[in-house]
Amino acid sequence: MRDTTASPLAHPAASLTASFSARSSAGSPAVSSASASDRVKEFHFTRQDFDRVRAMIRDCAGIALADGKQEMVYSRLARRLRATGLGSFTDYLDQLERNALAGEWQAFTNALTTNLTSFFREPHHFPILAQHAHERASLSVWCSAASTGEEPYTIAMTLCDAYGSLTPPVNIVATDIDTDVLQTAAQGIYPAERVRSLPAEQLRKYFLKGKGSQGGLVRVRPELRKLIDFRQLNLLGQDWSLKPPFDIIFCRNVMIYFDKPTQRQILSRFVTLMKPDALLFAGHSENFLYVSDALKLRGKTVYELLGRR
Ligand SMILES: C[S@@+](CC[C@H](N)C(=O)[O-])C[C@H]1O[C@@H](n2cnc3c(N)ncnc32)[C@H](O)[C@@H]1O
């Protein structure tokens, strides 16, 4: 398994450049509409290569790729072959396994994650989060699959509103395995259409509009950015390097990529990091009751500890 040590990301101010190559959440590499098997492939890609990729990404990230993902894997990893200058999947995977390509495990993982997200996704969660904040003097939050940042920024906006302050008494740590999406998240710059559905007041309060070469982009206000500590963390890793206990854990739309034993293992670790009255938020198609007997349902895809006081 790769080194999964959590590491803080540089503050965006240090890395901002004029050409923001912000990767939107829809920025996972696209699968070409024409089936790759209908075309002559640039690289030879066998069933055996696909099975090797599947085993490797499952071992390092827990991601269980379904049988039908061959085209997706080909198109995403073909870019890595081009980037590394290797002529075949066999060579690429051999070298990866021998750790002969510096930084390539991370690039391989980044290529195979799916990062779909949006601001105020699954909006029914946020009034519950606000209510939890209203009942507490401070809040410690872990957003465990932060992707390009829309989810942790939504959490931060909700908590600013709940506490009526741009410096609310909260700690928010936002993690993901994918270093590319974390870089986008840490920059906090998005195409304006990503925030189109937000109320005007919220836009004014929490975003700056890009001008000139940054026209068409928005940037989260520095006050909001400062509330979030973005770090890399593999949910499969041994050392999560977090500061529990948490009042709130968001773990939305990532468990669906893991098999049941992996889900069970991760949930049993979550339970030990939760305060007795903490809440755990799941994605719309995730049911944690099947994999943990320590949780009970509080509301639609919101869980609390079964033995809570
Ligand atoms: C579909 S996105 C969900 C984003 C957000 N939570 C939401 O619901 O909108 C799934 C995220 O999980 C991350 N991920 C996948 N495997 C992971 C792992 N082993 N550890 C941490 N994050 C992982 C991916 O990089 C991706 O950004």
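As a starting point, this report considers the structure included with it. All of these numbers come straight from a predicted model, not from anything done at the bench.

Packed helix pairs are specified by the crossing angle of their axes together with the interaxial distance, meaning the distance between the axes. In contact at an axis separation of 11 Å, helix α1 (residues 47–61) and helix α4 (residues 104–112) are set at 100 degrees when each is read in the N-to-C sense. Here α4 runs roughly perpendicular to α1, going by the angle between their axes. Contacts between α1 and α4 pair I57, C60 and A61 from the former with W105, T109 and L112 from the latter. Across the contact of α1 with α4, the residue classes break down as five nonpolar, one polar and no charged.

To continue, consider the sheet that holds strand β4 (residues 189–191). Pairing is antiparallel across the open sheet formed by three strands, whose spatial order is β4-β6-β5. In the strand order of this sheet, the two ends are held by β4 and β5 (207–209), each with one partner. Strand after strand, the sheet turns through a mean of 30 degrees between neighbouring axes, direction not considered.

Right, let's get into the site of the ligand. Near the ligand lie 24 residues; those nearest to it are T113, T117, A145, S147 and N253. Of the residues contributing to the shell around the ligand, the split by class is 10 nonpolar, nine polar and five charged. Two domains each donate at least three residues to the shell around the ligand, and these are domain 1 (29–112) and domain 2 (125–305).

Right, let's talk about the nonpolar core for a bit. One finds V141, A156, I172, I248, I249, C251 and L280 to be the most contacted residues of the largest nonpolar core, which totals 75 residues. Inspection of this core shows a minimum of three residues originating in each of domain 1 (29–112) and domain 2 (125–305). Beyond its immediate stretch of four places on either side in the chain, I248 contacts L129, H132, L139, V141, A278 and L279.

It is worth spelling out the packing of α1 against helix α3 (residues 89–97) at this point. Axis separation between α1 and α3 bottoms out at 10 Å; the angle between their running directions is 25 degrees. When the interaxial angle is binned, α1 and α3 end up roughly parallel. The crossing of α1 and α3 is left-handed. Contacts between α1 and α3 involve D49, R52 and V53 from the first element and F89, T90 and L93 from the second. Of the residues that constitute the contact of α1 with α3, the class distribution is three nonpolar, one polar and two charged.

Turning to the environment of V53, a few remarks are in order. Within the fold, V53 resides in helix α1. For the pair V53 and L112, spaced 59 residues apart in sequence, the C-alpha to C-alpha distance is 9.6 Å. With near-sequence residues (within four places) excluded, V53 lies in contact with V73, L77 and L93.

The subject of this paragraph is unusual backbone geometry. Looking along the chain, the bond that leaves P244 and enters P245 is cis, with omega of 5 degrees. Take P245: it is sitting in the loop between β7 (228–232) and β8 (246–251). One non-glycine residue with positive phi stands out, namely F120, at about 50 degrees. Residue placement: F120 occurs in the loop between α4 and α5 (125–134). For F120, a count of 17 C-beta atoms within 10 Å gives the class partly exposed. Unlike most non-glycine residues, N253 shows phi in positive territory, near 60 degrees. In this fold, N253 is placed in the loop between β8 and α10 (260–273).

Scoring rules and cut-offs
Residues numbered from 1 in each chain as written. Predicted model: local features only at pLDDT ≥ 70, side-chain atom pairs only at ≥ 80, totals over all residues. Axes fitted to C-alpha atoms, helices over the stretch in contact; angles between N-to-C directions. Helix = DSSP H or I, 4+ residues; strand = E, 2+ residues; numbered from the N terminus. Parallel < 35°, antiparallel > 145°, perpendicular 65-115°, else oblique. Contact = placed C-beta atoms within 7 Å. Nonpolar A, V, L, I, M, F, W, Y, C, P; charged D, E, K, R; others polar. Pairing = 2+ DSSP bridges. Near = placed C-beta within 6 Å. Domains from an automatic or database assignment. Core = buried A, V, L, I, M, F, W, Y, C linked by C-beta atoms within 7 Å. Buried ≥ 20, exposed ≤ 12 C-beta atoms within 10 Å, placed from the backbone. Left-handed = near helix turned anticlockwise from the far one by under 90°.

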